[in-house]
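Residues per chain are reported as follows:
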Amino acid sequence: MMMKHHLYYFWGICLLLLPLAAFAHKPSDSYLFLQDQPDGKTGLRWDIALRDLEQAIGLDSDADGKITWGELQRKQAALDAYALSRLHLQQGGTACQPQTTGLQTETHTDGGYAVVMMDAGCPATASGALQVEYSLLFDIDPTHRGILLDQRADSGAASYIFSTDHPTQELTVQNSGWLSVLLTYIREGVYHILIGFDHLLFIAMLILPAVLVLKKRQWEQVESFRPALMNLLKVITAFTVAHSITLSLAVLGVVDLPSRLVEAAIALSIIVVAVNILYPIITHDHWKLAFVFGLLHGFGFASVLRDLQMPAGALAEALFGFNVGVELGQLLLVLLVFPLAYLLRPTRFYRVGVLNGAASITVVLAGLWFVERAFNTKLLWS
């Protein structure tokens, strides 16, 4: 009876994770930059992904799958109205009247963005903290994030993140310290690993075989807890060190790889690890495989911080906090899966049904992701 309960619990976790397949690509984000203008007013630059605007207001008038500058210009009035309806500012309790002042385009790590230039429209007599209420795309995509960098002279380059749970932020000096930035990005790191189903699936493919050992190319149970734990620690540590290295290099601009190449390579890494479970080629030192592919996953994690273009003063805290958050999210998955895997390891059900079954499903899913990313097409709902 106890084993039956364990099985229900294990598959319950799997079922909870399956819907996250929709988030295997970079999550939906927009980027806001508050800046002082020469005339003393507050300017706002708002970068919104073209793919998100296509969902919200429709840009691709000829339905050819490409959004041109001409199509964007023809929809400028609708875009301005949509943006202004999803952003409300107050300063010292006095409502501001934002106005759009221009439209540009920009390329981020995940594709094209419309850049809406705005005047915050706060009265010259208004004083006190600026309060921002953000609701872009929340009715379409509840996982969407708005990431604001306050670059005004008296802000200390503070960063704020808007979500359905936190649609309103008060931009004060008290919220601009290093601790605030650190905590904000720890939360964001946890969030991004938990909705990054491709990263979670890769980690799961490292955890599941850690409680087994290969003998004559057949998976057999590890006899005791210590060697199982050591197997896990080796592969997870290697993955952590590797993605921390490339996350830092990418965010700091030392190494820059095309997003499409990175995402396709991540999908391929998942296929390789899953196939190695089904048909073991690398039979020992799996931590080396985790390290090599962890370097790829670090580039995938870096996109959010790279697109924000934070100044060096705030980047260190954001980078460290984001990395800590990723590790905490990763640890949560380990704590959920590893104890169950260890308890179930003596059973044929685990070795065949769970391990081989999960690896087979993973090969199919990651194969579809690879085709989508490598050939810029869409096969799965996402």
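See above for the structure.
Report on the accompanying structure. (Residues numbered from 1 in each chain as written. Predicted model: local features only at pLDDT ≥ 70, side-chain atom pairs only at ≥ 80, totals over all residues. Heavy atoms only, no water.)

**What to know about the overall build of the protein chain**
Note the cut-off: Under the scheme used here, helices are H or I runs from DSSP no shorter than 4 residues and strands are E runs no shorter than 2 residues, and both carry numbers assigned from the N terminus. Each residue is assigned to one of three classes by its accessible area relative to the maximum for its type, calculated with a 1.4 Å probe on protein chains only: buried under 20%, partly exposed between the two thresholds, exposed over 50%. In this analysis, two residues are considered to be in contact whenever any of their non-hydrogen atoms come within 4.5 Å of each other. Shrake-Rupley sampling with a 1.4 Å probe provides the accessible areas, and residues are treated as covered by the protein chains on show and by no other component.
A tally of helices and strands in the protein chain yields twelve helices and twelve strands. Residue burial in the protein chain is summarised as follows: out of 382 residues, 50% are buried. Considering only contacts within the protein chain whose residues lie at least 6 apart along the sequence, 73% involve residues at least 24 apart. For the protein chain, the computed accessible surface area is about 17,700 Å², with 62% contributed by carbon and sulfur atoms.

**Here we look at the pairing of strand 2 (residues 42-49)**
To keep it simple, the criterion reads: Whether two strands pair depends on DSSP finding at least two bridges between them.
Counting buried positions along strand 2 yields eight of eight residues, so the element is predominantly enclosed. Side chains T42, L44, W46 and I48 project from strand 2 onto one buried face, and the interleaved G43, R45, D47 and A49 project onto a second face that is buried too. In textbook terms, the turn of a hairpin is the stretch between consecutive antiparallel strands, and for strand 1 (residues 29-36) and strand 2 this stretch comprises five residues, one of which, G40, has a positive phi near 90 degrees.

**Some points on the state of the cysteines**
Operational definition: For the purposes of this analysis, a disulfide is any pair of cysteine sulfur atoms at a distance within 2.5 Å.
Summed over the entire model, instances satisfying the criterion amount to one disulfide. There is a disulfide in this structure between C96 and C122, and the S-S distance comes to 2.1 Å. Taking the sign of the S-S torsion, about 95 degrees here, the bridge from C96 to C122 comes out right-handed. Note that C96 is positioned in the loop between strand 4 (94-95) and strand 5 (99-108) and C122 in the loop between strand 6 (111-119) and strand 7 (130-134), a separation of 26 residues in sequence. Judged by relative accessible area, which is 6%, C96 ranks as buried. Take C122: its relative accessible area is 22%, and that puts it in the partly exposed class.

**Section: the packing of helix 7 (residues 225-251) against helix 9 (residues 286-301)**
Quick reminder of the rule: Angular values range over 0 to 180 degrees, each being the angle between N-to-C directions of two axes fitted as lines to C-alpha atoms, with helices fitted over their stretch in contact. Here roughly perpendicular refers to angles of 65 to 115 degrees, roughly parallel to angles under 35, roughly antiparallel to angles over 145, and oblique to all remaining angles. Here a crossing is called left-handed whenever its near helix is offset anticlockwise from the far helix by less than a right angle, and right-handed whenever the offset is clockwise.
Following both chains from N to C, one finds helix 7 and helix 9 inclined at 30 degrees, their axes separated by 6 Å at the closest point. Our classification of the angle between helix 7 and helix 9 gives roughly parallel. Seen from above, helix 7 lies across helix 9 with right-handed handedness. Contacts between helix 7 and helix 9 involve K234, V235, A238, F239, V241, A242, H243, I245, T246, L247 and A250 from the former and H286, W287, A290, F291, G294, L295, H297, G298, F299 and F301 from the latter.

**Points about the pairing of strand 7**
Residue alternation in strand 7 divides its side chains into a buried set, L130, V132 and Y134, and an unburied set, Q131 and E133. The pairing of strand 3 (residues 87-91) with strand 7 spans five bridges and is classified as antiparallel. For L87, the partnering residue across the bridge sits in strand 7 and is Y134. Relative to strand 10 (residues 168-171), strand 7 runs antiparallel, the two sharing four bridges. Residue Q131 lies in a different strand from strand 10, and its bridge partner there is E170.

**Quick word on unusual backbone geometry**
Its identity is not glycine, yet K216 carries a phi of approximately 55 degrees, on the positive side. Mapped onto the elements, K216 comes out in the loop between strand 11 (212-215) and strand 12 (218-221). Exposure remark for K216: the relative accessible area of 82% places this residue in the exposed category.

**What about the pattern of salt bridges?**
Pairing between side chains of opposite charge can happen when the charged atoms of each approach one another. How we decide: Only one rule defines a salt bridge in this text: a Lys or Arg side-chain nitrogen within 4 Å of an Asp or Glu carboxyl oxygen.
Scanning the model with the defined rule gives ten salt bridges in all. R45 serves as the salt-bridge partner of D47, at 2.8 Å between the closest nitrogen and oxygen. On the basis of relative accessibility, which here comes to 17%, the residue R45 falls in the buried class.

**So, helix 8 (residues 259-278)**
An α-helix turns once per 3.6 residues; consequently, residues spaced three or four apart project the same way. In plain terms, the rule: Multiplying 1.5 Å by the residue count of a helix minus one yields the expected span of that helix.
Taking 1.5 Å as the rise per residue, helix 8 with 20 residues should run 28 Å; its terminal C-alpha atoms sit 29 Å apart, in good agreement. Taking burial as the measure, the 20 residues of helix 8 include 14 buried ones, the bulk of the element.

**Side note on the packing of aromatic side chains**
Our working rule: Within 6.5 Å between ring centres, the rings of Phe, Tyr and Trp (the latter by its six-membered ring) count as paired, and their orientation is classed by plane angle as stacked under 30 degrees, edge-to-face over 60, tilted in between. Two conditions define a charge sitting above a ring: the NZ of Lys or the CZ of Arg must be within 6 Å of the ring centre, and it must be within 35 degrees of the ring normal.
If you walk through the whole model with that rule in mind, you get nine aromatic pairs. Look at F197 and W369: their rings are 5.9 Å apart centre to centre, the planes differ by 85 degrees, and that puts the pair in the edge-to-face class. Taken together, the positions of F197 in helix 6 (residues 197-207) and W369 in helix 12 (residues 348-375) put the pair 172 residues apart, joining distant regions of the chain. Each member of the pair, F197 together with W369, is buried. Here the basic side chain of R145 rests over the ring of Y191, its NZ or CZ set 3.5 Å away from the ring centre. The ring centre of Y342 lies 3.9 Å from the NZ or CZ of R345, which sits over that ring.

**Some points on the sheet that holds strand 9 (residues 158-162)**
Taken together, the six strands give an open sheet; going across it, the order is 5-6-2-1-8-9, and neighbouring strands pair in mixed fashion. Single-partner strands in this sheet number two, and they are strand 5 and strand 9. Looking at each pair of strands side by side, their axes are set apart by 20 degrees on average, direction ignored. In the sheet, strand 2 pairs with strand 6 via seven bridges, with the strands oriented antiparallel. Across the sheet, the residue bridging to R45 is M117, located in strand 6. Contacts from helix 4 (residues 76-85) reach strand 2, strand 5 and strand 6, with the element oriented near 100 degrees to strand 5. Across the face of the sheet, helix 5 (residues 178-195) comes into contact with strand 1, strand 8 (145-150) and strand 9 while running at roughly 35 degrees to strand 9.

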